[in-house]
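Spelled out from the first residue to the last, the chains are:
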Amino acid sequence: VLRSVTGSAGLYLMGNALVGLLLAAAYLQATWTLALFPLMLLMLRFASRALLRQAQEKERSEHLHTAARALVAGVSLESAVSGFLAAVVEVMSAVEAVALTEGPDGMTAYRARRGRETQPAEPVHDKGLRRLFDSVASGNPLVVTAASEAPVEPFESIEARSFVAVPLVEGDAVVGALIAIDRVGTDDFGASDARLLEALGQELVLSLTSFRLIDEVVQQRERFQRIFSSSQEGIALLDGDGIVHAWNPALARIAGIEEDAILGSTWSEKFSLIDESHRYIEGARLATLSPDETLELVRVDGSSRWVSVSPGPVVAGEARGWVVLVRDVTADHDLERAKEDFMATI
């Protein structure tokens, strides 16, 4: 404690001694100059308060930057929110910060406490937190202190002397709440703290939305990958030059060539497709075929299969490509040929 205050106390002592010496010198030289000293002290007071506010705003801006950076740097939702709440604790000079989020599985609480490691997210069973969320669900912040008119009894299970809570609003819906609990120091929470916490809450809502959208994209990609991998029909993704960018396992079985061996190359370099007029199909010409056109597929080993090919265009920005569905119709073709041979024999 002494080390933290010795520097400031020494400066104040030197300043007071200097003012005292100037006061004595002014009194000895001209008594009327003493009237200038209150004005000088008043100006010094205003200057010191301005410098203090400037230092506080600078520190608060740094903490805000840290909070925003924590949201961006988090590799997962839990790590991002935990780092964000640790910064909120410093910004608000609070003992603890809590973020409540409402989801399909119920309410979840994220916590960060000064001087402790962040805790994992947990479902909310505390009645005080639920009452607090219901109180801010109308969209208005809530400031509860020892001197405030708002009663603290309904939230006594939170075990807080004071707190400020603001809603997390997405569109027209309240999706959660951000809470700062117990102010460090002699000052108490006020309306300015509620406004600051609301600004922090907006950053948190944007990040929650981003993580939710990313999660939806990941789920859709996984769902597409399952469909792509388990489909019984062959699926290939080609660009405008006929170069293969995707090749599913079913098509690898039909064409007799694995995905690793054909990715990045033109499909017609690896096997041949021949139409009913005995013409070879090459490169991007595959995209001009009629849907469900039957072709003969000649593998690298010389064996052949009969396939039904259906190309369809795919546009992603300025890039244009083709999705080609390939169905093995060898059994149907052989049966039809057997029928024709049987009728010809008769």
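About the cut-offs
Residues numbered from 1 in each chain as written. Predicted model: local features only at pLDDT ≥ 70, side-chain atom pairs only at ≥ 80, totals over all residues. Heavy atoms only, no water. 1 Å grid on protein atoms, 1.4 Å probe; cavity = no way out; pocket = protein on both sides within 12 Å on 5 of 7 lines; lining within 4 Å. Points joined across faces, edges and corners; volume = space filled by probe spheres on them. Helix = DSSP H or I, 4+ residues; strand = E, 2+ residues; numbered from the N terminus. Nonpolar A, V, L, I, M, F, W, Y, C, P; charged D, E, K, R; others polar. Patch = residues over 30% accessible without salt bridge, like charges linked within 9 Å, V, L, I, M, F, W, Y side chains within 5 Å. Areas by Shrake-Rupley, 256 points an atom, 1.4 Å probe, with all protein chains shown as cover. Salt bridge = Lys/Arg side-chain N within 4 Å of Asp/Glu carboxyl O. Buried < 20%, exposed > 50% of the residue type's maximum accessible area, 1.4 Å probe, protein only. Core = buried A, V, L, I, M, F, W, Y, C linked by side-chain atoms within 4.5 Å. Arc of directions from axis to C-beta. Contact = heavy atoms within 4.5 Å.

Caption draft 1: How the structure looks around empty space enclosed by the protein. If you walk through the whole model with that rule in mind, you get 1 cavity of 30 Å³ or more. Approximately 110 Å³ is the volume attributed to the largest cavity. As for the largest cavity, its lining consists of 13 residues, of which Trp247, Phe271, Leu286, Val324 and Val326 are closest to the centre. Among the elements of the structure, strand S7 (234-239), strand S12 (304-316) and strand S13 (319-328) are those that each provide at least two residues to the lining of the largest cavity. Here the residues of the lining of the largest cavity sort into 13 nonpolar, no polar and no charged.

Caption draft 2: View of a nonpolar patch on the surface. A contiguous nonpolar patch, built from Met40, Leu41 and Leu44 and spanning about 250 Å² of accessible area, is present on the exposed surface. Among the structural elements, methionine 40 can be located in helix H2 (residues 36-73). Residue classification places methionine 40 among the partly exposed positions, given a relative accessible area of 30%.

Caption draft 3: Just unusual backbone geometry, in detail. Although it is not a glycine, histidine 278 adopts a positive phi angle of roughly 65°. Although it is not a glycine, aspartate 292 adopts a positive phi angle of roughly 60°. Following the sequence through the fold, aspartate 292 ends up in the loop between strand S10 (280-281) and strand S11 (293-298).

Caption draft 4: Region of the structure containing the nonpolar core. Core analysis: the biggest nonpolar cluster contains 25 residues, and Leu85, Met92, Leu178, Leu197, Leu200 and Leu204 have the highest contact counts within it. Looking at this core, the elements that each hand over two or more residues are helix H3 (77-91), strand S1 (94-103), strand S2 (106-113), strand S5 (163-170), strand S6 (173-183) and helix H5 (191-230). Broken down by element, the residue count for this core peaks at 7 residues, all from H5. Counting residues in each nonpolar core, the second largest holds 22 residues, with Trp247, Trp267, Ile281 and Leu286 among its members.

Caption draft 5: Seen up close, the pattern of salt bridges. Scanning the entire structure with this criterion turns up 9 salt bridges. Among the ionic pairs, glutamate 96 bridges to arginine 111, the shortest N-O distance being 3.1 Å. With glutamate 96 in strand S1 and arginine 111 in strand S2, this pair connects stretches of sequence that are 15 residues apart. The same class applies to glutamate 96 as to arginine 111, namely buried. For aspartate 193, the salt bridge goes to arginine 183, with nearest N and O atoms at 3.0 Å. Pair noted here: aspartate 193 is in helix H5 and arginine 183 is in strand S6, with a separation of 10 residues, a long-range link. The class for arginine 183 is buried, based on a relative accessible area of 13%. Connected via shared salt-bridge partners are Glu96, Arg111, Arg113 and Glu122.

Caption draft 6: Structural context of helix H4 (residues 127-136). When we look at burial in H4, the residues that qualify are Gly128, Leu129, Leu132, Phe133 and Val136. Angular distribution of buried residues about the axis of H4 spans 140°; they occupy a single face of the element. Across from the buried face of H4, at angles greater than 90 degrees, the exposed residues are Lys127 and Asp134. Tucked inside the fold, the buried residues of H4 contact S1, S2, strand S4 (142-144), S5 and S6.

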